[in-house]
Each structure stands twice: as C-alpha cells, then as structure tokens.
Amino acid sequence: MIDNAVSKLATYALRTGLIEDCDYIWAVNLILGVLKLDNYTDPHQEWGELELAPILEELLDDAYTRGVLTESSVVYRDLFDTELMGRLTPRPALVTSLFQKLYEKDPRRATDWYYKFSQDTNYIRRDRIAKDVKWKAPTEYGDLDITINLSKPEKDPKAIAAAKNLPASAYPRCQLCAENEGYAGRVNHPARQNHRIIPITINGSPWFFQYSPYVYYNEHCICLNSAHTPMKIDRACFAKLLDFVSQFPHYFVGSNADLPIVGGSILAHDHFQGGRYTFAMERAPVEIPFTFPGFEDVDAGIVKWPMSVIRITSEHPERLISLADRILLSWRSYTDESALIFAETDGEPHNTVTPIARRRGKKYELDLVLRNNLTTPEHPLGLYHPHAELHHIKKENIGLIEVMGLAVLPARLKEELAAVADALVTGADLRADERTAKHADWAESFAGRYTINRENALNIVQKETGLVFARVLEHAGVYKRTPQGQEGFLRFLNQV
C-alpha cells in the first residue's frame, strides 16, 4: 500500500530532524504532489526502524507503474527521488544558521551535524557508499587505502541518448558551482534539490563548504570558491589552506595541482578537498631533515613516501606560507635535464605542486608534493604518471586523494579481481577470459610466491593490488627513491 510508504518517508523526515511535528501534514502533501497522488489515508501506525533507500525504492516503483516516472533507469530514478527529498530538505538559510550556531560552540559539533544532515537528506547516498569495496594494503610506505568505487552510478544508454538531444546549457557552469544548490538537474547533470552548502570565509575570500556525495573517506569535504575561477596554486592558495585548518583544526585540507595530467578532474573551478581522516602519507615520517636558509625556525625535510614530498612544520602559519611560496616559485622555473625535470617545453609549463595542510597539536603542517606533467613518446599519458604496465589496475590521473595514499579504482575491478582470484584457484587460463586477460602477466608474476586456495585467493589478489598502487605512486614521483633520485631531490632543495 503506497500510503504506508508516503507515511514512512514523512516519518523518516521527522525522526531525522528535516521537519518538525507541526510540519508532518505539510510534508505528506509535498510528497503526494511530487508523486501526483490525489488520495491518501494516513495509516496512523508507529513505524519501527526506517531505512530510507527501500522507502524511496517503493515510491519510485509505484510512480513508474503509474507513468509518473517515465523511465526506470538509475539516472531518471535519481532525478525523481532527489526531487522528493528536496521537498523535505530545510531552506539554505535555516541550515546555515544552525551550522553557525553549532560552530560557535565547537567546530566539531558543527561538522558532525552537517555530515549527518548531508546523509539524512540522501545527498550522500548511504546505501551506495556501503557498496564500495575497501581494504588496506601493507607496503613499505605503510598501509595504503584501496577502494573500488561503486557509488557513482553509470549512465544508461537511454540517458546518454537523451542528453545528446538536449540544448547546450551553461547553468550551472560545473558540478562544483554554488548554483547547484537546489538545482533540479537533467539527464546530463545531477539533481541537487537536497543539497545545502555552507558559506565560509577563508583568507578574506568568500568560499563555500560542502561534502562530496561520493565520500571516498570519512567526512570527505569540498571547499569551493564562490566564483567559477580556475584552479591556481600560489601564495594565496597556501594561505587559504592554512586558514581553513585554523578554522577547522580537526580536518586536513589539500588542493589538486593546477596543471593537466597531474591535476584533478575539475581544473576549471578553484576548490580544495579535506576531511577527518588520517592517510598513510600523514603517518609517514620525515626521512631526510633539511634546513632552508632564512627559515631555520621551520622544521622541514623529505618524507618517506613514493612521491616527492617536502614537509614543513611551524607554529606560525605565515612562516609556512612564505617558505611554501619560495619553494613553489623555485620549482616552477626549475630544470634539471639529468633528472628529466623540465620546467617547460615549447612554452608549456610542467612544474607545480599538490599541497596538503593539517594541524599537529598547536603546529601547522604543509606537505608540498612536487609534480611534473611532461609527456614523452614512450609515455604519452605522462612520464610521471602510471606507466602502461600498470594500466590494468590504474590508468587515471593521480590526484590529491591518490597522492595521500588512497587508490580510487574503477568499478570494473570488483568483478575482474574476483575472476583473477577464481582463476588462480581453479587453474583456468587467465588469457581466455576477457575479464582476466589484461591481468594475466601480473597474476602469473606473483602466483608462484603463494600457496593459493579458495580461502585466501582474493586476499592475495587484493594485497598485490595494493603493491601495484605503491608502484603507481612511485611512477608519479618526480624523484625516484634511489641514491641518484635522492641526490637530484637534494640538488633542488639546496638551490631553493
């Protein structure tokens, strides 16, 4: 009976604080309006524990049966259930007001509430996040995080075809713009009626704070410039990062690099990513201490990490800003042909950094990861990018999240790695199955080191996947972890 599902959704909104007792009838009527239902009899029933996803599934199935929902694929269902939840989501002013009141008491209370709120509205879809496959892989650099991302829905052919017939739209200009808040969406742009963003000021500039709908790690947040302006790593960027961790000391925050190949997927809109999570890179120690002349008061050194990381630490953020700016400006123009480092070729700049800021007690810390996006005939996707022999696991850009030690792997690997594990148990021909053929050389290279059985096969494959990711990061490092590579790294530091 659909009346039960309507009542459950309104009750869910009441229990999660999206509405108050006096809003119940109003909420029911909003739900009925979206569903185009004219009749309703309240069941007057005390519902037990309510899980949102099954309630929405029932309402969407009914809407499809009655022709209100014209297509039942994931794109159309997402547009429809987001409209439903958007009707129950409080206005932005109310959300911002409550966040600010909680922040005045304790920044952690504010983010705790806002993170739960972003899940309760179904902006962060708990049921999809739970499907992501995650494990930790021991390596010489510590335990790396591996996740196979299953929470991003794949577009179906009908939605792709429909998107081609849509007139071009530049609103919102991208998926990060503030104009997404409350937007109804379309087949080629997600609905965001249930999305609320928090205005913040960092380094004197108007920005917004929100969570990522895909939550690759705990409290995965995004800070976005209020203006649609390109990513730029500069002195002001370092100041913004350190100001953010001053305001939210329980969070780290970092920026993708500002050049293609070594940057993130959205370079057109200035933004940072942060959250409450300790990555392997944060746990990695300084391996080679270094003192920068004029900054003897700043602790600095090379981090034991597969990529090339300079860590600087001080109780005074302005000192870190000045030193980071000096390092960046030096790196932008730095060429060392013997180390295959070129600042530019044919007028195209190659050097930048991926910066990450955090607090350690009273101290501020900046990690500066040296990046270079040079391409060569042998490595057309990037010399400091995962090389071709690793593309069966990871071919995509190495952005901020991967740099810190979390591999975000494509959904195809869930089935493919399971098939590899099964073939190693049964002795099946790895090259005879399209799911395993691309992994055959890799699997054969490690199979002889283990006694593989049904119970341990997948764990072994996952462990070896983690070792591949460590190699991915080594490929992305501009200075290799060899005596020659470390000499080159020190040559750069000494001339800064």
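For the structure itself, look to the data block above.
Some words on empty space enclosed by the protein
Enumeration according to the criterion identifies one cavity of 30 Å³ or more in this entry. Together, Ile302, Val303, Trp305, Met307, Ser308, Val309, Tyr479, Arg481, Gln486 and Phe489 line the largest cavity. Contributions of two or more residues to the lining of the largest cavity are made by strand S9 (299-303) and helix H17 (483-495). Here the residues of the lining of the largest cavity are counted per class, giving seven nonpolar, two polar and one charged.

A few points about the layout of surface pockets
With a probe scaled to a water molecule rolled over the atoms, the places where space remains empty come into view. In this structure, the second largest pocket spans a volume of roughly 350 Å³. Along the walls of the second largest pocket sit 19 residues, with Gly17, Leu18, Ile19, Pro90 and Leu94 positioned nearest its centre. Going through the elements one at a time, helix H4 (74-88), helix H5 (92-105) and helix H6 (107-120) are the ones with two or more residues in the lining of the second largest pocket. Element by element, the count of residues in the lining of the second largest pocket is highest for H6, at four residues.

So, the environment of Gln273
Considering the arrangement of structural elements, one finds Gln273 in strand S7 (residues 271-275). Overall, the relative accessible area of 11% leaves Gln273 in the buried class. In this structure, the C-alpha to C-alpha distance between Gln273 and Tyr211, residues 62 residues apart in sequence, is 9.0 Å. Leave out the neighbours within four places in its chain, and Gln273 touches Tyr217, His220, Cys221, Ile222, Phe252, Val253, Gly254, Asn256, Leu400 and Ile401. There is a polar contact of 2.7 Å between the side chain of Gln273 and the side chain of His220.

Here we look at the pairing of strand S3 (residues 198-202)
In S3, alternate side chains face the same way, and those of Ile198, Ile200 and Ile202 are buried while those of Pro199 and Thr201 on the opposite face are not. In this sheet, strand S4 (residues 205-211) lies alongside S3 in antiparallel orientation, the contact comprising five bridges. Among the inter-strand pairings, Ile202 is bridged to a residue of S4, identified as Ser205. Here S3 folds back onto S4 in antiparallel fashion, the turn holding two residues, of which Asn203 has a positive phi close to 55°.

Some words on the state of the cysteines
Enumeration according to the criterion identifies zero disulfides in this entry. No disulfide involves Cys174; its sulfur sits 3.7 Å from the nearest other cysteine sulfur, which is in Cys177. Cys221 takes part in no disulfide bond, and the closest cysteine sulfur, belonging to Cys223, lies 4.8 Å away. Residue classification places Cys221 among the buried positions, given a relative accessible area of 0%.

Some thoughts on the sheet that holds strand S8 (residues 286-289)
Backbone-to-backbone hydrogen bonds join strands into a sheet, with any given pair of strands oriented parallel or antiparallel. Overall, antiparallel pairing links the ten strands, which are arranged S3-S4-S5-S7-S6-S13-S14-S10-S9-S8 in an open sheet. If you trace the sheet from one side to the other, it starts and ends with S3 and S8, each paired once. Strand-to-strand twist of the sheet, defined as the mean angle between neighbouring strand axes without regard to direction, takes the value 30°. Relative to strand S14 (residues 363-372), strand S10 (residues 309-314) is paired through six bridges, and the arrangement is antiparallel. Residue pairing for S14: Val309 is matched across the bridge by Val369. Strands S3 and S4 of the sheet are contacted by H6, whose axis makes an angle of about 55° with S4.

Considerations on the packing of helix H3 (residues 52-65) against H4
Contact geometry of H3 with H4 gives a least axis separation of 10 Å together with a crossing angle of 115°. In terms of axis orientation, H3 runs roughly perpendicular to H4. Where H3 crosses over H4, the handedness of that crossing is right-handed. Where H3 approaches H4, its residues Leu52, Leu56, Glu57, Leu59, Leu60, Asp61 and Ala63 are matched on the opposing element by Arg77, Phe80, Asp81, Leu84 and Met85. Broken down by class, the residue content of the contact of H3 with H4 amounts to eight nonpolar, no polar and four charged.

Details of the sheet that holds strand S1 (residues 133-139)
Strands sit in the order S1-S2-S15 across an open sheet of three strands; the sheet is mixed. Among the strands making up the open sheet, the edge pair consists of S1 and strand S15 (406-409). Taken over all neighbouring pairs, the strand axes of this sheet differ in orientation by 20° on average, direction set aside. In this sheet, S15 lies alongside strand S2 (residues 142-148) in parallel orientation, the contact comprising four bridges. Each residue of the ladder has a partner; that of Asp145, found in S15, is Leu406.

What about unusual backbone geometry?
Residue Pro172 is bonded to the preceding Tyr171 through a cis peptide linkage, with omega at -20°. Residue position: Pro172 is located in the loop between helix H8 (157-164) and S3. The phi angle at His44 is positive, at roughly 45°, despite the residue not being glycine. Among the secondary structure elements, His44 is positioned in the loop between helix H2 (24-35) and H3. Given a relative accessible area of 72%, His44 falls into the exposed group. Here the phi dihedral of Leu340 falls at roughly 60°; this positive angle occurs in a residue that is not glycine. When you line up the elements, Leu340 lands in the loop between helix H11 (317-332) and strand S11 (344-345). With relative accessibility at 44%, the residue Leu340 sits in the partly exposed group.

Calculation rules
Residues numbered from 1 in each chain as written. Predicted model: local features only at pLDDT ≥ 70, side-chain atom pairs only at ≥ 80, totals over all residues. Heavy atoms only, no water. 1 Å grid on protein atoms, 1.4 Å probe; cavity = no way out; pocket = protein on both sides within 12 Å on 5 of 7 lines; lining within 4 Å. Points joined across faces, edges and corners; volume = space filled by probe spheres on them. Helix = DSSP H or I, 4+ residues; strand = E, 2+ residues; numbered from the N terminus. Nonpolar A, V, L, I, M, F, W, Y, C, P; charged D, E, K, R; others polar. Buried < 20%, exposed > 50% of the residue type's maximum accessible area, 1.4 Å probe, protein only. Contact = heavy atoms within 4.5 Å. Polar contact = N/O pair within 3.5 Å; in protein donor to acceptor, adjacent residues only side chain to side chain. Pairing = 2+ DSSP bridges. Disulfide = S-S within 2.5 Å. Axes fitted to C-alpha atoms, helices over the stretch in contact; angles between N-to-C directions. Parallel < 35°, antiparallel > 145°, perpendicular 65-115°, else oblique. Left-handed = near helix turned anticlockwise from the far one by under 90°.

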